[in-house]
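Chain by chain, the residues:
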Amino acid sequence: MSTKAFEPYELAGTTLSNRIVMAPMTRSRAYGPEQSPTELMATYYAQRAGAGLIVTEGTQPSEVGQGYPDTPGIHSAEQVTAWRKVTDAVHAEGGVIFLQLMHTGRVGHSSWQGRQPVGPSAVQAAGQVYTHDGMKDFEVPHELTDAEVEATVADFAAAARNAIAAGFDGVELHGANGYLIHQFLAPNSNTRTDAWGGSPARRARFAIETARAVAEAIGAQRTGFRLSPGNPFNDIAENDRDDVEATYTALVEGLAPLGLAYLHQMEAPGHRDLTEQIRKTWPGTFVLNPFTGQEPTGPGELELIQNGTADLIAYGALFMANPDLPRRLEQGGPFNTPDRSKSFGGDHTGYTDYPALQG
């Protein structure tokens, strides 16, 4: 059993109580005005404040950035005020919390969004997205003009300032899982030939420029970045290993001089060698959400901290079902089983009603 995982960690000037991260997980319960957080969400995050670091569910930086029903935003005064209840609740329990900024790009639908989704190129993703009217095919997105790309970068920076105003300790840019930043990185969703595409370095430009703008807006020590090289979610095709290595080398080398708080990798199947390469290239704190097959990340992955593969380990499904996960990990269990049928939407069941250990 790793003991290092339960020791404090200095993250860009902020002391974390342990090295266990609550990974961002979409829960679709922002039922307040303008997709604002609710008191129930404040309870949910406060219950999990024993994490060294909480990263919230993906939160849209603008109206057009929303791809799913009932996900929260951080682009209005009402949303900032509502998020303050969440951050106050987490801080009251001694926790540290970053807000994940997630622009879904071409993942979404005009039937409820009220507008055509956007993307780096007018390339429709294969598959469907959930709406209140049922599952619908993805649509061909509006290709962002150069001016619109710049405006989107500015939206991220404004949202980051709003997050700090709402009391967050920092933000994480979602550059993974087939959402907008990842869409710019991937050759099948970014077919541009201008300054934002056409080569690995130019496809990485949007991610780097967005990270730079956010770091300038709120401070690099308050800015993290999540990536998932090789992850096919949302019809991303990063199948050419040479291209993947070139793209993510360009990305990491472009992010490194910014002095960000951390890099957070969601590991794709068969990519441990790339994980290790990125770990060696990245000069700062490295957070890993490791690939474990069909099972949720568990106690065995704490060894990745002990052996230096990562500085911090992120847990998703187990944190959903175990509000006191660090304590359970330290004593080897037992672990509640997550009810995945309650993952998205609904009330407190499968959300805030998972029991903590007694005594």
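Going by the structure above, here's the rest.
About the criteria used
- Residues numbered from 1 in each chain as written.
- Predicted model: local features only at pLDDT ≥ 70, side-chain atom pairs only at ≥ 80, totals over all residues.
- Heavy atoms only, no water.
- Helix = DSSP H or I, 4+ residues; strand = E, 2+ residues; numbered from the N terminus.
- Buried < 20%, exposed > 50% of the residue type's maximum accessible area, 1.4 Å probe, protein only.
- Polar contact = N/O pair within 3.5 Å; in protein donor to acceptor, adjacent residues only side chain to side chain.
- Contact = heavy atoms within 4.5 Å.
- Salt bridge = Lys/Arg side-chain N within 4 Å of Asp/Glu carboxyl O.
- Phe/Tyr/Trp six-rings, centres within 6.5 Å; stacked < 30°, edge-to-face > 60°.
- Lys NZ or Arg CZ within 6 Å of the ring centre and 35° of its normal.
- Core = buried A, V, L, I, M, F, W, Y, C linked by side-chain atoms within 4.5 Å.
- 1 Å grid on protein atoms, 1.4 Å probe; cavity = no way out; pocket = protein on both sides within 12 Å on 5 of 7 lines; lining within 4 Å.
- Points joined across faces, edges and corners; volume = space filled by probe spheres on them.
- Nonpolar A, V, L, I, M, F, W, Y, C, P; charged D, E, K, R; others polar.

Caption draft 1: The arrangement of the side chain of Thr 275 in detail. Locating Thr 275 in the fold gives a position in helix H9 (residues 272-281). Exposure remark for Thr 275: the relative accessible area of 0% places this residue in the buried category. Only 3.0 Å separates the side chain of Thr 275 from the side chain of Gln 265, close enough to count as a polar contact. Apart from residues lying up to four places away in sequence, Thr 275 is in contact with Gln 265, Glu 267, Phe 286 and Leu 288.

Caption draft 2: Examining the pattern of salt bridges more closely. Overall, the coordinates contain 13 salt bridges when judged by the stated rule. The partner of Arg 115 in a salt bridge is Glu 63, with the nearest N and O atoms 3.3 Å apart. Of this pair, Arg 115 sits in the loop between helix H3 (110-113) and strand E6 (118-119) while Glu 63 is found in the loop between strand E4 (53-59) and helix H2 (77-92), placing the two residues 52 residues apart along the sequence. Glu 245 serves as the salt-bridge partner of Arg 241, at 3.9 Å between the closest nitrogen and oxygen. Taken together, the residues span about one helical turn, with Arg 241 and Glu 245 both in helix H8 (residues 241-255) at a distance of 4 residues. Residue classification places Glu 245 among the partly exposed residues on the basis of a relative accessible area of 25%. Linked by salt bridges that have partners in common, Arg 241, Glu 245 and Asp 273 make up one network.

Caption draft 3: Representation of unusual backbone geometry within the structure. Put simply, Gly 333 and Pro 334 share a cis peptide bond, and its omega is 0 degrees. Along the polypeptide, Pro 334 turns up in the segment after helix H12 (325-330). Even without being glycine, Ala 12 reaches a positive phi, approximately 50 degrees. With respect to the helices and strands, the residue Ala 12 is situated in the loop between strand E1 (9-11) and strand E2 (14-16). Overall, the relative accessible area of 36% leaves Ala 12 in the partly exposed class. Unusually for a residue other than glycine, Gln 35 sits at a positive phi of about 55 degrees. Its relative accessible area of 30% is what places Gln 35 among the partly exposed residues.

Caption draft 4: Representation of the packing of aromatic side chains in the model. For the structure on display, the rule yields 8 aromatic pairs. Relative to Tyr 45, the ring of Tyr 44 has its centre 4.9 Å away and its plane inclined at 70 degrees; by these criteria the two rings are edge-to-face. You can call Tyr 45 buried: its relative accessible area is 0%. Put simply, the rings of Phe 156, Phe 184, Trp 196 and Phe 206 touch in pairs and so form one group of aromatic residues. Looking at Arg 205, its charged tip hangs above the ring of Trp 196, at a distance of 3.8 Å from the centre.

Caption draft 5: Representation of the nonpolar core. Of all hydrophobic cores here, the largest spans 79 residues; its most connected members are Phe 225, Leu 251 and Leu 255. It is helix H7 (residues 205-218) that contributes the most residues to this core, 8 residues altogether. For Leu 255, the residues in contact, after removing those within four places along its chain, are Ala 207, Ile 208, Ala 211, Phe 225, Leu 260, Leu 263 and Trp 282. With 14 residues, the next largest nonpolar core counts Val 21, Val 55, Phe 98 and Ala 261 among its residues.

Caption draft 6: Region of interest: the layout of surface pockets. Taken as a whole, the largest pocket spans an internal volume of roughly 1300 Å³. Pro 24, Met 25, Asn 177, Met 266 and Arg 340 are, among the 47 residues lining the largest pocket, the residues nearest its centre. Sorting the residues of the lining of the largest pocket by element identifies strand E7 (128-131) and helix H11 (317-321) as the ones contributing at least two each. By residue number, the principal contributor to the lining of the largest pocket is E7, which donates 3 residues. Of the residues in the lining of the largest pocket, the class split is 24 nonpolar, 18 polar and 5 charged.

Everything listed here is a matter of geometry and, on its own, says nothing about what the molecule does.
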